[in-house]
Amino acid sequence: MFKKTFISLALTTTVSASAMAATEQDVQNAFYPYKNGVPTYQGLSAGMTINQANVDQFKEIIDPAMYDFIKAGDTEIKVGETTSFDLNKSYVDATRKYMNDVKLGDTVGEISGSVAGRPFPQEPSMDDPRAGEKLAWNFKYGYNWGDSAAIWPFYWTFKDMNSGKAERTLKFNFNFLNFTHRTQQAPVPAITPNPSNLFRATYLEVLEPFDVKNTQLLIQRFEDDLKRDNAYLYLGFQRRVRRLSTGQVTDAFLGSDIMIEDFEGYNGRISDAKWSYKGTRNMLLPMYNHNDMPLDTEIPKDDDGYQMISYGGKGNCFPNVTYQLRKVYLLEGEPLDPNHPISKRQHFIDAQTFTIPRTVTYDRNGAIWKSFSIGQAHPDHHLAQNKGSGVSIDDSFTMIDMQAQHCTTGQFKGIIDPELTPESKMTVQNLRASGK
């Protein structure tokens with residue numbers, strides 16, 4: 001689809017020009033792309049619905065998996081107004097401070113000079129053979145969840161897409177903590193001491209159901225991208241911690257349709273893949289105001305009145321959210337491991353936030369296998385404590401196995417609160433203590 005119809009919006013710079021010093025105009029273009037107006041597309045307007053009858057008119061602004069769903073009548077897209085998701089000023093300021101110190105190394109996975117902020121705010125160029133790698137670094141060092149955050153609680157539901165039957169629901173707590181590349185929560189730019197030289201840690205704990213209660217996962221990612229993550233799993237019924245092997249991060253996690261490597265759109269190392277920039281275009285992405293969406297009345301409200309996003313469409317596999325027409329970078333990642341279960345991922349990166357609201361995954365034969373949506377909620381229209389945080393809030397997800405006709409849906413309550421994620425939570429000792 002994209003080879004025939006792609007219209008590149010990238011700057012037509014040369015390889016040498018792509019290495020030129022970043023400027024204030026680059027910063028403005030990167031973080032405020034809608035300052036002078038929002039993108040438009042013929043026939044598209046806020047409030048309309050894209051469905052089976054009119055989807056061909058909008059094929060150019062819809063990714064291939066979502067197009068197939070709509071064409072088959074499995075779901076519809078409701079179009080919302082394009083709005084600016086301004087990131088925290090501290091992250092933008094850090095980008096300005098360090099952007100001209102950043103350089104790629106000779107080997108994929110090597111970088112120097114990146115202290116905080118977006119490493120490469122310049123517009124990517126099709127003439128730059130390492131443009132894809134730079135986009136991958138921008139995602140890794142993005143402001144996803146800010147310096148630390150929690151999802152308390154987080155529901156995953158496994159569903160048969162044909163029958164709509166909900167087979168199983170897991171309830172989690174998730175936590176994220178950046179040890180380095182910090183810009184807003186003290187200390188900045190890094191937590192010290194940090195003897196293992198960690199970049200980031202992710203922790204999750206299963207709360208329900210009983211048979212997997214107290215299962216915990218801890219991922220420690222190093223500042224050195226060439227060093228393999230430390231990943232630990234605590235199984236409540238075994239009451240012991242074991243290290244995960246490399247291959248286990250691509251297994252179905254707890255029976256879901258999701259790999260550990262899928263978390264947040266991509267949860268691997270830069271050095272684990274070959275990265276290719278495939279151009280820039282305007283596309284529809286699931287980005288919205290949580291408080292304006294249809295909410296799930298079957299899950300009880302939290303004490304503060306918060307409710308989760310609801311789902312509909314075939315098998316109740318699609319979040320009931322609006323999509324915005326936004327500037328998007330298309331980034332392909334091809335795993336270098338010949339035994340990897342996929343051939344590539346197509347990431348549709350939101351150019352302003354560098355989150356990944358849409359990913360299409362291809363099997364080893366090159367056929368579309370999975371469709372991954374991570375709905376992004378504006379922080380000013382979410383929990384009161386998230387207002388003004390400048391963090392695009394992960395708010396809903398669906399991972400659909402298109403070949404098995406099965407999905408796993410996720411409902412979030414994302415909270416920007418450093419007190420929920422102390423350093424002590426990101427240790428192996430915490431796994432043992434919490435599992436008792």
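Up top is the structure these notes are about.
None of these values were measured; they are calculated from a predicted model.

**So, the packing of helix α3 (residues 24-31) against helix α5 (residues 89-98)**
Their axes nearest at 10 Å, the elements α3 and α5 cross at an angle of 150 degrees. With respect to α5, the element α3 is oriented roughly antiparallel. Between α3 and α5 lies a crossing of right-handed hand. Residue-level inspection shows E24, V27, Q28 and F31 of α3 in contact with α5, the latter providing Y91, V92, T95 and R96. Looking at the contact of α3 with α5 residue by residue, the classes come out as four nonpolar, two polar and two charged.

**Considering the environment of D304**
With respect to the helices and strands, the residue D304 is situated in the loop between β12 (287-288) and β13 (311-312). Judged by relative accessible area, which is 46%, D304 ranks as partly exposed. Sequence separation between D304 and A384 is 80 residues, and the spatial gap between their C-alpha atoms is 9.9 Å. Non-local contacts of D304, meaning those with residues more than four positions away in its chain, are made with L383 and K413. Looking at D304, its side chain comes within polar contact range of the main-chain nitrogen of Y306, at 3.0 Å. Side chain to side chain, D304 and K413 meet in a polar contact 3.0 Å long.

**A closer look at the nonpolar core**
Membership of the largest hydrophobic core comes to 77 residues, with the highest contact counts inside it found for I62, W156 and L284. Core analysis: the next-biggest nonpolar cluster, separate from the first, contains 21 residues, V102, F120, A273 and A351 among them.

**Describing the packing of aromatic side chains**
Scanning the entire structure with this criterion turns up 26 aromatic pairs. Pairing F154 with W156 gives two aromatic rings, centres 5.9 Å apart and planes at 80 degrees, and the pair type is edge-to-face. Judged by relative accessible area, F154 falls into the buried class, the value being 3%. By relative accessible area, which is 1% here, W156 ends up buried. The interplanar angle of 35 degrees and the centroid separation of 6.4 Å between the aromatic rings of W156 and F174 together place this pair among those described as tilted. In this pair, W156 sits in strand β5 (residues 148-160) while F174 sits in strand β6 (residues 166-178), placing the two residues 18 residues apart along the sequence. The class for F174 is buried, based on a relative accessible area of 3%. Put simply, the rings of W145, F154, W156, F172, F174, F176, F253, F263, F372, F397 and F412 touch in pairs and so form one group of aromatic residues. The ring of Y67 is capped by K59, whose NZ or CZ atom sits 4.7 Å from the centre of that ring. We note K227 situated over the ring of F222; from NZ or CZ to the ring centre the distance is 4.2 Å.

Cut-off values and rules
- Residue positions are given per chain, counted from 1 along the sequence in the order it is written.
- This being a predicted model, a pLDDT of at least 70 is required before a residue's local features are given, and a value of 80 or more before pairs of side-chain atoms are given or counted; all residues contribute to the totals for chains, interfaces and linings.
- To get the side-chain values, all heavy atoms of the structure are used, and hydrogens and water are removed first.
- Interaxial angle, 0 to 180 degrees, is taken between N-to-C directions of lines fitted to C-alpha atoms, where a helix line uses only the stretch in contact.
- Every helix listed is a DSSP run of H or I at least four residues long, and every strand listed is a run of E at least two residues long, numbered separately from the N terminus.
- Orientation is classified from the angle alone, with under 35 degrees giving roughly parallel, over 145 giving roughly antiparallel, 65 to 115 giving roughly perpendicular, and any other angle giving oblique.
- Rotating anticlockwise by less than a right angle from the far helix to the near helix defines a left-handed crossing, while the corresponding clockwise rotation defines a right-handed one.
- In this analysis, two residues are considered to be in contact whenever any of their non-hydrogen atoms come within 4.5 Å of each other.
- Under this grouping Gly is polar, as are all residues other than the nonpolar Ala, Val, Leu, Ile, Met, Phe, Trp, Tyr, Cys and Pro and the charged Asp, Glu, Lys and Arg.
- Each residue's exposure class comes from its accessible area (1.4 Å probe, protein chains only) as a fraction of the maximum for that residue type: buried when under 20%, exposed when over 50%, partly exposed otherwise.
- N or O atoms within 3.5 Å of each other form a polar contact, as long as, within protein, one can give a hydrogen and the other can take it, and as long as residues adjacent in sequence are counted only when both atoms are side-chain atoms.
- We define a nonpolar core as any set of buried Ala, Val, Leu, Ile, Met, Phe, Trp, Tyr and Cys residues linked to one another through side-chain atoms lying within 4.5 Å.
- Between rings of Phe, Tyr and Trp, where Trp is taken as its six-membered ring, a pair exists when centres lie within 6.5 Å; planes separated by under 30 degrees are stacked, by over 60 edge-to-face, and by other angles tilted.
- A ring has a charge above it when a Lys NZ or an Arg CZ is no more than 6 Å from the ring centre and no more than 35 degrees off the ring normal.

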